[in-house]
Amino acid sequence: MSAIIKRPTNPFADLLGWLETESAAMRSFGSAPYIRVEDFVEADNYVVRAEMPGVDPDKDIEIDVMGDVLTIHGERREEEHDRNRSELHYGSFERTLPLPRGAKAEEIKATYTNGVLEVRVPYAADEPKATRVAIEHNGS
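Residues numbered from 1 in each chain as written. Predicted model: local features only at pLDDT ≥ 70, side-chain atom pairs only at ≥ 80, totals over all residues. Heavy atoms only, no water.

**Quick word on the overall build of the protein chain**
(1) Moving on: Helices and strands together make up the secondary structure of the protein chain, namely 3 helices and 7 strands.
(2) Moving on: When the helices and strands of the protein chain are placed in sequence order, the string is α-α-β-β-α-β-β-β-β-β.
(3) Moving on: Per-residue burial for the protein chain yields a buried fraction of 26% across its 140 residues.
(4) Moving on: If you take every contact in the protein chain between residues at least 6 apart in sequence, the share linking residues at least 24 apart comes to 52%.
(5) Moving on: Within the structure as shown, the protein chain displays about 10300 Å² of accessible surface, and the carbon and sulfur contribution to it stands at 50%. (Helix = DSSP H or I, 4+ residues; strand = E, 2+ residues; numbered from the N terminus. Buried < 20%, exposed > 50% of the residue type's maximum accessible area, 1.4 Å probe, protein only. Contact = heavy atoms within 4.5 Å. Areas by Shrake-Rupley, 256 points an atom, 1.4 Å probe, with all protein chains shown as cover.)

Shown next, in the form of structure tokens:
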């Protein structure tokens with residue numbers, strides 16, 4: 001049974017996640033190329049899969065982590081052809097996702113197979129523990 005990931009309580013990361021989700025519809029109208037993703041938890045790994053056909057992972061994909069935010073950046077280069085129609089998106093594209101609490105950025109692994117980028121982010125699934133704070137009395 002998969003564990004449920006509690007998203008970070010960082011308001012900036014929450015806002016990024018909301019903007020990415022809400023702007024997907026607008027991006028589909030051609031305003032900017034968009035990376036379609038799915039995410040899930042598998043054996044203490046947060047897994048993100050991104051559709052990125054037609055790119056060279058060694059030259060065209062960059063993955064960065066800043067704090068608790070994962071950014072996937074790529075570029076699909078246009079080939080010179082005589083063609084009648086092209087409905088493919090060319091140029092650069094980017095997707096930003098909030099990482100779960102306890103993500104271990106230094107242990108992230110990424111693979112690219114058959115046009116799908118898979119990023120595995122190990123994380124510590126420990127629940128935060130409450131700490132009681134003592135109150136000092138200054139005589140009143």
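**Focus on the sheet that holds strand 5 (residues 91-98)**
(1) Moving on: Strand order in the open sheet formed by 3 strands is 3-4-5, and the pairing between neighbours is antiparallel. Every other strand in the sheet has two partners, leaving strand 3 (61-66) and strand 5 as the edge strands with one partner each. When the angles between neighbouring strand axes are averaged without regard to direction, this sheet yields 15 degrees. (Pairing = 2+ DSSP bridges. Axes fitted to C-alpha atoms, helices over the stretch in contact; angles between N-to-C directions.)

**Remarks on the environment of Ala124**
(1) Moving on: Assignment of secondary structure puts Ala124 in the segment after strand 7 (116-122).
(2) Moving on: C-alpha separation for the pair Ala124 and Asp44, spaced 80 residues apart in sequence, amounts to 7.0 Å.
(3) Moving on: Leave out the neighbours within four places in its chain, and Ala124 touches Arg101, Gly102 and Lys104.

**Details of the environment of Tyr46**
(1) Moving on: Here Tyr46 shows up in strand 2 (residues 45-51).
(2) Moving on: Take Tyr46: its relative accessible area is 1%, and that puts it in the buried class.
(3) Moving on: Sequence separation between Tyr46 and Pro122 is 76 residues; the distance between their C-alpha atoms is 6.3 Å.

**Re the sheet that holds strand 7**
Hydrogen bonds between backbone groups are what pair the strands of a sheet, and the pairing can be parallel or antiparallel.
(1) Moving on: With antiparallel pairing, 4 strands are arranged side by side in an open sheet as 1-2-7-6. For this open sheet the edge positions go to strand 1 (37-41) and strand 6 (109-113), each flanked by a neighbour on one side alone. Across the sheet, the axes of successive neighbouring strands diverge by a mean angle of 15 degrees, strand direction being ignored.

**Focus on the nonpolar core**
(1) Moving on: Counting 17 residues, the largest nonpolar core has Val48, Met52, Ile72, Leu117 and Val119 as the members making the most contacts within it.
(2) Moving on: For this core, the secondary-structure elements that each account for two or more residues are strand 2, strand 4 (69-76), strand 5 and strand 7.
(3) Moving on: Residues contacting Ile72, with those up to four places away along its chain left out, are Ile35, Val48, Ala50, Met52, Ile61, Glu62, Phe93, Glu94, Arg95, Leu117 and Val119. (Core = buried A, V, L, I, M, F, W, Y, C linked by side-chain atoms within 4.5 Å.)

**Section: the pairing of strand 6**
(1) Moving on: Pairing between strand 6 and strand 7: 5 bridges, direction antiparallel. Across the sheet, residue Tyr112 finds its bridge partner in strand 7, namely Leu117.
(2) Moving on: What sits between the antiparallel neighbours strand 6 and strand 7 is a turn of 2 residues, in which Asn114 has the positive phi angle 50 degrees.

**Structural notes on the side chain of Asp60**
(1) Moving on: Inspection of the secondary structure assignment puts Asp60 in helix 3 (residues 57-60).
(2) Moving on: The residues touching Asp60, leaving out its near neighbours within four places in the chain, are Val55, His73, Gly74, Glu75 and Arg77.

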